[in-house]
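# Structural overview
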Amino acid sequence: KQVKTRPRIAVALRLDVVLPLVDSSQRAVIQKFGQYSHTAGPGFNFILWPCYSSALVSVKVRQIDVRTETKTKDNVTLRVTTAVQYSVDPERVDEYFFKLNDPERQISAHVEDSVRSFLPTLDLDHAFESKEKMADSIKDSVSKSMSAYGVLVNKALVVDMQPDASVLAAMNQINAARRQREAAIEKAEAEKIMAVRSAEADAEAKHLSGMGTARMRQAITDGFKGSIESMRQSCGLEPKEVVHMMLVTQYLDVLKEFAASGKATMVVPHGPSAVQDIENQVRNGFMQASLTNQMQ
């Protein structure tokens, strides 16, 4: 009786010791036959190949720029550029490595969704004023969405908000018109202040001129009074006679000044009795005034 025997196959498995070097800015994901084993930190790590394999993951802070086109509340199209700075949580490297296929694309999608949810609630002017608020909203939204994958969002920055060229030109024209209006208002206020100051200065000058004229007339009056009193005491003349003589004297002084100036012409009666006639006219004027006062 023949006995059948099965052929024996000998399998030789070669195990090599591998020392992957992990940098301080990296972590190594160690797998055993394709299954997650552990995460190795910086330095040398001993693994048996091919039973174990390793993959390096950077934990440095990285930045991606996301460009989003959306509309504001007043129907103005804006192109928004958002810079997102993120890193991998060193304690959750395995979740990042196994759950995410394209991290930057997924983060960009969340950023665009957040921008398109925030901007349509604001008009154009308020959108520019709310950049910091929008950046905080983007950071909170992306952090909440990506935390399940071991991603830490360190900072979100709205670095640029660019409206359409025609809208930008209109905004510049509005700003220029506003500045011109403010300049015109300031100029009008300055002219008003100057006019008020000029009027105040003119009033003050007239006031001082009036005071000077009043003092001059008071001095003239005091001088006449002193002259009349002096001539009455020294010559025994009555006040009316003294006034008549002073009027004639002043009249002659005026004629002398006219003749000396050479710039004026005055026609006066001339003759032997001219001075007597002037004196009689002045005296008659005073007498008529005195008579009128007595009748009243």
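Let us look at the structure shown here. (Residues numbered from 1 in each chain as written. Predicted model: local features only at pLDDT ≥ 70, side-chain atom pairs only at ≥ 80, totals over all residues. Heavy atoms only, no water.)

This next bit is on the overall build of the protein chain. Helices and strands together make up the secondary structure of the protein chain, namely 7 helices and 10 strands. Across the 296 residues of the protein chain, 23% fall into the buried class. Pairs at least 24 apart in sequence give 65% of the contacts found in the protein chain among residues at least 6 apart. For the protein chain, the exposed surface amounts to about 21500 Å²; the carbon and sulfur share of it is 54%. (Helix = DSSP H or I, 4+ residues; strand = E, 2+ residues; numbered from the N terminus. Buried < 20%, exposed > 50% of the residue type's maximum accessible area, 1.4 Å probe, protein only. Contact = heavy atoms within 4.5 Å. Areas by Shrake-Rupley, 256 points an atom, 1.4 Å probe, with all protein chains shown as cover.)

When the terminal C-alpha atoms of helix H5 (residues 165-235) are compared, their 103 Å separation across 71 residues agrees well with the 105 Å that a helix rising 1.5 Å per residue should span. Residues of H5 that are buried include every one of Met171, Ile228 and Met231, and no others. (Expected span 1.5 Å × (residues − 1).)

Strand order in this open sheet of 3 strands is E4-E3-E7, and the pairing throughout is antiparallel. Each edge of the sheet is formed by a strand with only one pairing partner; in this case those strands are strand E4 (35-40) and strand E7 (52-58). Neighbouring strand axes in the sheet, compared pairwise and without regard to direction, differ in orientation by 25° on average. Sheet topology places strand E3 (residues 26-32) next to E7; 7 bridges connect them, and they run antiparallel. The residue of E7 that forms the bridge with Gln26 is Ser58. (Pairing = 2+ DSSP bridges. Axes fitted to C-alpha atoms, helices over the stretch in contact; angles between N-to-C directions.)

Looking now at the pairing of strand E9 (residues 77-88). Taking burial as the measure, the 12 residues of E9 include 9 buried ones, the bulk of the element. Note that strand E8 (residues 62-71) and E9 share 10 bridges and pair antiparallel. Pairing of Gln63 across the sheet is with Gln85, part of E9. A loop of 5 residues connects E8 with E9, the two strands running antiparallel in sequence, and Asn75 in this loop sits at a positive phi of about 65°. With 11 bridges connecting them, E9 and strand E10 (residues 151-163) associate as antiparallel partners. Pairing of Thr82 across the sheet is with Val158, part of E10.

Attention now moves to the sheet that holds E8. With antiparallel pairing, 3 strands are arranged side by side in an open sheet as E8-E9-E10. If you trace the sheet from one side to the other, it starts and ends with E8 and E10, each paired once. Each strand of the sheet is rotated relative to its neighbour by a mean of 20°, with strand direction disregarded. Lying on the sheet, helix H4 (residues 131-146) is in contact with E9 and E10; it crosses E10 at an angle near 140°.

Turning our eyes to something else, we now look at the environment of Trp49. Mapped onto the elements, Trp49 comes out in strand E6 (residues 47-49). In this structure Trp49 comes out as partly exposed when scored by relative accessible area, which is 47%. Trp49 sits 16 residues away from Phe33 along the chain, and the two C-alpha atoms are 9.8 Å apart.

As a further point, take the nonpolar core. Core analysis: the largest hydrophobic core is formed by 33 residues, its most contacted members being Val80, Ile107, Val111, Leu119, Met134, Ile138 and Met161. Listing elements by their share of this core, those giving two or more residues are E8, E9, helix H1 (93-99), helix H2 (103-118), helix H3 (124-129), H4 and E10. Those residues in contact with Met161 that lie beyond four places of it in its chain are Leu78, Arg79, Val80, Leu119, Ala127, Phe128, Lys131 and Met134. Counting 5 residues, the second-largest nonpolar core is a separate cluster that includes Val22, Ile30, Ala40 and Ile47. (Core = buried A, V, L, I, M, F, W, Y, C linked by side-chain atoms within 4.5 Å.)

Here we come to the packing of aromatic side chains. For the coordinates displayed, the defined rule picks out 2 aromatic pairs. Plain terms: the ring middles of Tyr36 and Phe98 are 5.7 Å apart, the flat faces sit at 80° to each other, and that makes the pair edge-to-face. Note that Tyr36 is positioned in strand E4 and Phe98 in helix H1, a separation of 62 residues in sequence. According to the relative accessible area criterion, Tyr36 is partly exposed, its value standing at 32%. Classification of Phe98 by relative accessible area gives partly exposed; the value is 41%. Each residue in the set Tyr36, Phe97 and Phe98 is aromatic and connected to the rest through ring pairs, giving one cluster. (Phe/Tyr/Trp six-rings, centres within 6.5 Å; stacked < 30°, edge-to-face > 60°.)

Along its 16 residues, H4 runs 22 Å from first to last C-alpha, staying within 8% of the 22 Å computed at 1.5 Å per residue. Among the residues of H4, those classed as buried are Met134, Ala135, Ile138, Val142 and Met146. Looking down the long axis of H4, one finds its buried residues gathered within 100° of arc, a one-sided arrangement. What points out from H4, more than 90 degrees from its buried face, is the exposed set Glu132, Lys133, Asp140 and Lys144. (Arc of directions from axis to C-beta.)

The pairing of E3 with E4 spans 5 bridges and is classified as antiparallel. Its bridge partner being in E4, Val29 is matched across the sheet by Thr39.

As a further point, take the pattern of salt bridges. Per the counting criterion, the structure on display carries 4 salt bridges. Close ionic contact of Glu112 with Arg116 constitutes a salt bridge, the shortest N to O distance being 3.6 Å. Remark: Arg116 and Glu112 occur in helix H2; sequence separation between them is 4 residues, near one turn of the helix. One salt bridge in this structure joins Arg197 and Glu200, with 3.4 Å as the shortest N-O distance. With Arg197 and Glu200 both in helix H5 and 3 residues apart, the pair spans about one turn of that helix. (Salt bridge = Lys/Arg side-chain N within 4 Å of Asp/Glu carboxyl O.)

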